[in-house]
Amino acid sequence: MRVKIFSILYRSIRSIITNVIYLYQRIFFLPKDLEPAVKFGDKALGHFSLLRGLFYEFPLPVAYSLDIHGLIFRSPLIGASFKSDKMALDTWLHMGLGGLIFKTIMRDVREGNPRPRLQDVALDGDRGLVNALGLPGEGIEDFIGYLPRSGLWSHGRPLGISIGGDHIEDYIYSIRSIESVLSDERSNYFYELNISCPNTENGLTIGDDPEKLNDLLSNIREDISKVISVKISPDTSNKILNEIGEVCSSHQWMIINTGNTQFRTREELGLSKINFSINGGGLSGPALFTRTLEMVKALSGLDIPIMATGGVSNLSHVNALQNAGASLFGMATSLVLDPYCVPRINRQLKENVYDRTN
Ligand SMILES: Cc1cc2nc3c(=O)[nH]c(=O)nc-3n(C[C@H](O)[C@H](O)[C@H](O)COP(=O)(O)O)c2cc1C
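This section reports on the structure supplied with the text. (Residues numbered from 1 in each chain as written. Predicted model: local features only at pLDDT ≥ 70, side-chain atom pairs only at ≥ 80, totals over all residues.)

**Digging into the site of the ligand**
Turning to step 1, where the next piece is worked out: Close to the ligand lie 27 residues; Ala80, Phe82, Ser284, Ala332 and Thr333 are nearest.
Turning to step 2, where the next piece is worked out: Every element with two or more residues in the shell around the ligand is listed here: strand S6 (126–131) and helix H11 (333–337).
Turning to step 3, where the next piece is worked out: For the shell around the ligand, a count of residues per class yields 10 nonpolar, 15 polar and two charged. (Near = placed C-beta within 6 Å. Helix = DSSP H or I, 4+ residues; strand = E, 2+ residues; numbered from the N terminus. Nonpolar A, V, L, I, M, F, W, Y, C, P; charged D, E, K, R; others polar.)

Right, dumping it as structure tokens:
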């Protein structure tokens with residue numbers, strides 16, 4: 001009942017805030033832009049932290065414990081890599097995520113693309129997001145400055161560190177920098193390689209080039225034995241998907257994460273140039289689910305744990321992906337649109353376990 005009430009409340013408040021900000025933008029002839037609403041929401045979360053027990057504190061599924069290469073997940077729901085605001089990440093862990101992945105960190109500080117670069121979209125009645133943020137962020141030096149002492153470790157849940165790069169050397173530099181501050185202090189973490197990043201020296205992403213990915217993994221594995229998740233874009237062809245699967249199979253302590261945003265042009269999404277500065281962006285949300293399921297099925301024959309990310313927002317998604325071979329479920333858009341889906345699914349998982357054991 002509490003979940004239902006707060007879910008309605010959250011969605012109503014989000015809709016009011018977003019519409020007030022859109023109205024303000026219209027009155028002052030500013031482009032429509034979702035980012036101010038997101039920033040406002042993140043700040044507001046901070047003010048509610050004293051009432052966390054009432055609003056955000058929910059149990060994990062009681063009987064649930066999943067061991068993946070020594071990392072223990074007490075819920076299979078994982079916060080996908082998309083957010084850097086610590087308060088939001090902390091809140092979602094309190095709500096019952098079994099782990100989360102930090103927003104992709106790049107070697108250097110980046111502004112990202114010009115705004116507007118984030119919008120709400122509705123495709124065939126499904127609400128989602130489109131972003132062309134361009135991986136803005138603080139860069140590796142600042143990141144490693146606070147990472148070992150981040151309050152997020154206190155949850156005792158595995159944290160993923162998503163690494164991006166313009167060149168293979170960037171990935172290696174960032175991972176080695178993180179290891180230099182983290183390996184002696186923390187153990188409950190893994191790396192995720194965001195292989196859909198802008199450019200490598202041959203003009204392809206590492207996600208387009210399984211041989212490059214193999215070089216990268218071999219280099220990391222020379223002296224680092226942390227778990228590595230490889231995040232594969234839904235835009236990847238099935239041929240390359242299978243080749244990446246084979247590459248991952250040839251290394252130890254791997255996870256495959258099937259899913260990122262799906263590229264769509266501005267026209268396909270009905271956005272104008274004024275409201276979206278780049279000619280296309282990454283779609284996320286329910287429209288991705290069919291491809292996520294397809295990718296899980298394609299990779300399920302490999303002996304590698306699969307995290308399924310893309311369009312997950314309810315128990316039937318989780319069940320379908322689990323039946324297809326996934327064991328972890330990444331969520332991004334659903335955390336923005338209604339984070340109460342986390343305690344809802346956790347409770348239903350608990351009931352499923354209860355049903356099975358009785
Ligand atoms: C605003 C936004 C920013 C994102 N940033 C990243 C990122 O930095 N690194 C990454 O690997 N994926 C990023 N993603 C992709 C998500 O992690 C996720 O794979 C994708 O949104 C599909 O999942 P969903 O349908 O649950 O949103 C981002 C997604 C959104 C919506």
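**A few points about the sheet that holds strand S13 (residues 306–309)**
Turning to step 1, where the next piece is worked out: Spatially, eight strands are ordered S3-S4-S7-S8-S9-S10-S13-S14 in a closed barrel, and the strand pairing comes out parallel. Ignoring strand direction, the axes of neighbouring strands in this sheet form an average angle of 25°.
Turning to step 2, where the next piece is worked out: Note that strand S8 (residues 189–194) and strand S9 (residues 228–232) share four bridges and pair parallel. Residue leucine 193 lies in a different strand from S9, and its bridge partner there is valine 230.
Turning to step 3, where the next piece is worked out: Strands S9 and strand S10 (254–258) of the sheet are contacted by helix H8 (residues 238–249), whose axis makes an angle of about 175° with S9. (Pairing = 2+ DSSP bridges. Axes fitted to C-alpha atoms, helices over the stretch in contact; angles between N-to-C directions. Contact = placed C-beta atoms within 7 Å.)

**Observations concerning the sheet that holds strand S11 (residues 262–265)**
Turning to step 1, where the next piece is worked out: Reading across the sheet, the four strands line up as S5-S6-S12-S11 and stay open at both edges, with antiparallel pairing between neighbours. The sheet is open, and its two borders are formed by strand S5 (118–123) and S11, each paired with just one other strand. Taking each pair of neighbouring strands and ignoring which way they run, the sheet shows an average axis angle of 40°.
Turning to step 2, where the next piece is worked out: Bridge count for S5 against S6 is six bridges, and the pairing is antiparallel.

**Section: the packing of H8 against helix H9 (residues 289–299)**
Turning to step 1, where the next piece is worked out: For the pair H8 and H9, interaxial distance at closest approach is 10 Å and the crossing angle is 50°. In terms of orientation, H8 lies oblique with respect to H9. Seen from above, H8 lies across H9 with right-handed handedness. Counting all contacts with H8, which are made through Asn238, Leu241, Asn242 and Gly245, the residues of H9 involved are Met295, Ala298 and Leu299.
Turning to step 2, where the next piece is worked out: When the residues that make up the contact of H8 with H9 are grouped by side-chain class, the tally is four nonpolar, three polar and no charged. (Parallel < 35°, antiparallel > 145°, perpendicular 65-115°, else oblique. Left-handed = near helix turned anticlockwise from the far one by under 90°.)

**What about the nonpolar core?**
Turning to step 1, where the next piece is worked out: Judged by nonpolar contacts, the single largest core of 75 residues is most densely connected at Ile78, Val230 and Phe329.
Turning to step 2, where the next piece is worked out: The contact partners of valine 230, leaving out residues within four places of it in the chain, are Leu193, Ile195, Ile244, Cys248, Met254, Ile256 and Asn257. (Core = buried A, V, L, I, M, F, W, Y, C linked by C-beta atoms within 7 Å. Buried ≥ 20, exposed ≤ 12 C-beta atoms within 10 Å, placed from the backbone.)

**Details of unusual backbone geometry**
Turning to step 1, where the next piece is worked out: Cis geometry marks the peptide bond from arginine 115 to proline 116; its omega dihedral reads -5°.
Turning to step 2, where the next piece is worked out: Positive phi values are uncommon outside glycine, yet histidine 69 reaches one of about 50°.
Turning to step 3, where the next piece is worked out: For histidine 69, the position within the fold is in the loop between strand S1 (66–68) and strand S2 (71–73).
Turning to step 4, where the next piece is worked out: A count of 15 C-beta atoms within 10 Å places histidine 69 in the partly exposed class.

**Some points on the pairing of S8**
Turning to step 1, where the next piece is worked out: The buried fraction of S8 is high, at six of six residues.
Turning to step 2, where the next piece is worked out: Burial along S8 is two-sided: Tyr189, Tyr191 and Leu193 facing one way and Phe190, Glu192 and Asn194 facing the other are all buried.
Turning to step 3, where the next piece is worked out: In the sheet, strand S7 (residues 159–163) pairs with S8 via five bridges, with the strands oriented parallel. Its bridge partner lying in S8, leucine 159 is registered against tyrosine 189.
Turning to step 4, where the next piece is worked out: Taken together, S7, helix H6 (residues 168–182) and S8 constitute a β-α-β crossover, and its handedness is right-handed. (Right-handed = clockwise from strand over helix to strand, strands pointing away.)

These figures come from the coordinates and say nothing about function on their own.
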